[in-house]
Amino acid sequence: MSRRDFVGYGTTAMAMAGAGELLSGCATTQRAGPGGPSDSIGYFARFGVDEHLIRETLAAALSRGGDYSDLFFQHRVSTSMALEDGAVNKAFTTVELGVGVRVIKGDQTGYAFTEELTLEAMRSAARTAAAIADGPARPGPQSFHVYKELPRRYVLQMPWDAVRPEQKLPILEGLNASAFKKDPRVAKVTLSFSDEHGAVLMADSNGRLVEDVQPMTTLYLSCVAEQNGRREQNTYGVAGRAGLEFYSTERLERVVREAVDRTTILFEAVQPPAGELPVVLAAGSSGILLHEAIGHGMEADFNRKGTSIYADKLNKPIAHPFVNIVDDGTNEHARGAINVDDEGNVPDKTMLVENGVLTTYLHDSISARHFKVKPTGNGRRESYRHAPLPRMRSTYMLPGPHKPDEIIASVKKGIYCSNFTNGQVNIGAGDFTFYVKNGYLIEDGKLTRPIKDVNIIGNGPKVLEKVDMVADDLVIDEGGWTCGKDGQGVPVSQGIPTVRVASITVGGRNS
């Protein structure tokens, strides 16, 4: 089926060092189409994709002696609406359809993509990717291993392709009215609502064939409040792999409550004293620090290249024994949940740090081959236009032995961080700067005045070593987090219990 007139056509190629040779054996994979288990291609059959098309494309990809090749098909329909000043001021839909072709030869990768699902176009992309190799052709698969069921981590009650715009508009109008009603200081409300439906299909030269239907939705409420000529602004959002049923009354009420409260409390906020202080990270969205300053350093490609500070720390203690960190693809309906990664590997829960010891890295198939371990299901990509990389899914710290009140009571003078916004991280060394949008002073073991305009500065691995108390109140944040790496963005989740760090540099006011 040609899509040239609708979404255009493009072919690119790139080479990346250190890819390594993939295992020739076929790992167990599974497949589930939109209607349930099937023994043939389901979703993508509507675009003319069949085994003959896949087989011929893989043959072209291996025509110059590549060790391994795979195809990544993607169809995604994304709809967005925005409401401002009480009216919808933006509404649009984007459609993506295409296939990426990857060829691996030794430690090199060739990659090309096309938005036209015809044999001619796909062969052309495959030959471009195949140029990474220079040798006799290898045979492609003559048959495919299609398994009947993937995990079902995002079953929908009300799928987005069956939801009309007039069913979404009352949600935005209701949130808008509720935000103004909640506090008379609210001067402006902006809402954005998006949803996606579509699917991915992976096929490779080992004969694997895996298809997965993948939904997503996000909702943000941005609030501006005014008091005595001063204005403050803040935002709260939720996201998940779910359908329209995700927007329950409780969740919508929470969106309004959090957005308005996080904004209006800023009128009372002060800057904390600057210097080295104990810092308590609130349960939930404080996991951004864990994700950025620590999690990236545990992605295997950085460690394979020796650029991560954790490259020589495997099987060594890096934190207190009560610190346990996981990266998890199994949390049902979470933004970071996946039934299958973008290489066709079924993910599970990966224990990164167990009892304070670094136990593994986050692997795609290439890094797993290098380290002689199984892939962890972390091969992810932004779209068919990109090659997969080791990426996080839902990264969080497990509950510990302490109580939240006990942790706060243990701090004589410090800060409590509850909401982070901008930040910068040097992934190799783990150095970071994060901006704290909301928090509190801790004075004599109690939360006192709210704080704002605070930067915390430190080093992720050193901060992990200084985590000396972990509470039992883990919260996986529902925010619409997107992780950027090498120019690619993928949806992720994160979380953390209440945690005390013995000291972090706080950039506040001079005492």
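It should be noted that the structure appears before, not after, this text.
Conventions adopted
Residues numbered from 1 in each chain as written. Predicted model: local features only at pLDDT ≥ 70, side-chain atom pairs only at ≥ 80, totals over all residues. Heavy atoms only, no water. 1 Å grid on protein atoms, 1.4 Å probe; cavity = no way out; pocket = protein on both sides within 12 Å on 5 of 7 lines; lining within 4 Å. Points joined across faces, edges and corners; volume = space filled by probe spheres on them. Helix = DSSP H or I, 4+ residues; strand = E, 2+ residues; numbered from the N terminus. Nonpolar A, V, L, I, M, F, W, Y, C, P; charged D, E, K, R; others polar. Phe/Tyr/Trp six-rings, centres within 6.5 Å; stacked < 30°, edge-to-face > 60°. Buried < 20%, exposed > 50% of the residue type's maximum accessible area, 1.4 Å probe, protein only. Axes fitted to C-alpha atoms, helices over the stretch in contact; angles between N-to-C directions. Parallel < 35°, antiparallel > 145°, perpendicular 65-115°, else oblique. Left-handed = near helix turned anticlockwise from the far one by under 90°. Contact = heavy atoms within 4.5 Å. Pairing = 2+ DSSP bridges. Polar contact = N/O pair within 3.5 Å; in protein donor to acceptor, adjacent residues only side chain to side chain.

Student: Sorry, what's going on with empty space enclosed by the protein here?
Tutor: In this approach the atoms are scanned with a rolling probe the size of a water molecule, which exposes any empty space left behind. Under the definition given, this model contains 1 cavity of 30 Å³ or more. Roughly 50 Å³ of volume is contained in the largest cavity. Secondary structure elements with two or more residues in the lining of the largest cavity: α6 (287-295) and α10 (460-465). Looking at which element gives the most residues to the lining of the largest cavity, the answer is α6, with 3 residues. Counted by class, the lining of the largest cavity contains 10 nonpolar, no polar and no charged residues.

Student: Please explain the packing of aromatic side chains as it appears in this structure.
Tutor: Describing an aromatic ring pair means giving the distance of the ring centres and the angle of the ring planes. Evaluation of the coordinates by the stated rule reveals 11 aromatic pairs. Between Phe44 and Phe47, the ring centres sit 6.0 Å apart and the planes meet at 55°, which makes this aromatic pair tilted. Since its relative accessible area comes to 0%, Phe44 is described here as buried. Classification of Phe47 as buried rests on a relative accessible area of 7%. Ring geometry for Phe113 and Tyr384: centres 5.8 Å apart, planes at 70°, overall edge-to-face. Linking Phe113 in strand β4 (residues 108-114) with Tyr384 in the loop between β14 (379-380) and β15 (389-390), this pair joins segments that are 271 residues apart in sequence.

Student: Sorry, what's going on with the packing of helix α2 (residues 51-61) against helix α3 (residues 119-130) here?
Tutor: A pair of packed helices can be characterised by two numbers: the angle between their axes and the separation between those axes. Running from amino to carboxyl end, α2 crosses α3 at an angle of 30°, the nearest separation of the two axes being 7 Å. Taken together, the axes of α2 and α3 are roughly parallel relative to one another. For α2 against α3, the interelement crossing comes out right-handed. Two secondary-structure elements touch here, α2 through Leu53, Glu56, Thr57, Ala60 and Ala61 and α3 through Leu119, Met122, Arg123, Ala126, Arg127 and Ala130.

Student: What is the right way to read the environment of Phe44 from this model?
Tutor: Examined against the element boundaries, Phe44 turns out to sit in the loop between β1 (15-16) and α2. Separated by 29 residues in the primary sequence, Phe44 and Phe73 place their C-alpha atoms 8.2 Å from one another. In contact with Phe44, not counting residues within four places along its chain, are Val49, Phe73, Gln74, His75, Leu97, Ala199, Val200, Leu201 and Glu211.

Student: Help me understand the sheet that holds strand β12 (residues 349-354), please; the structure alone is not making it clear to me.
Tutor: Where strands meet in a sheet, backbone hydrogen bonds hold them as pairs that are either parallel or antiparallel. Spatially, the 6 strands line up as an open sheet ordered β13-β12-β11-β16-β25-β22, and their pairing is mixed. Edge positions in the open sheet fall to β13 (357-358) and β22 (475-477), since each of these has one partner strand only. In this sheet, β12 lies alongside strand β11 (residues 325-328) in antiparallel orientation, the contact comprising 4 bridges. Of the residues in β12, the one forming a bridge with Asp328 is Lys349.

Student: What should I look at first to understand the side chain of Thr498 in this one?
Tutor: With respect to the helices and strands, Thr498 occurs in the loop between β25 (493-496) and β26 (499-507). Reaching out from Thr498, the side chain makes a polar contact with the side chain of Asp473 at a distance of 2.7 Å. Sequence-distant contacts of Thr498, defined by excluding residues within four places in its chain, comprise Val280, Leu281, Ala282, Ala283, Pro404, Ile407, Met469, Val470, Ala471 and Asp473.

Student: What is the right way to read the layout of surface pockets from this model?
Tutor: Considered as a void within the structure, the largest pocket measures approximately 560 Å³ in volume. Lining the largest pocket we find 33 residues, and of these Arg76, Glu196, Met216, Glu382 and Pro491 sit closest to its centre. Elements represented by at least two residues in the lining of the largest pocket include exactly β2 (68-84), β6 (186-204), β8 (216-227) and β24 (488-491). Of the residues that constitute the lining of the largest pocket, the class distribution is 8 nonpolar, 16 polar and 9 charged.

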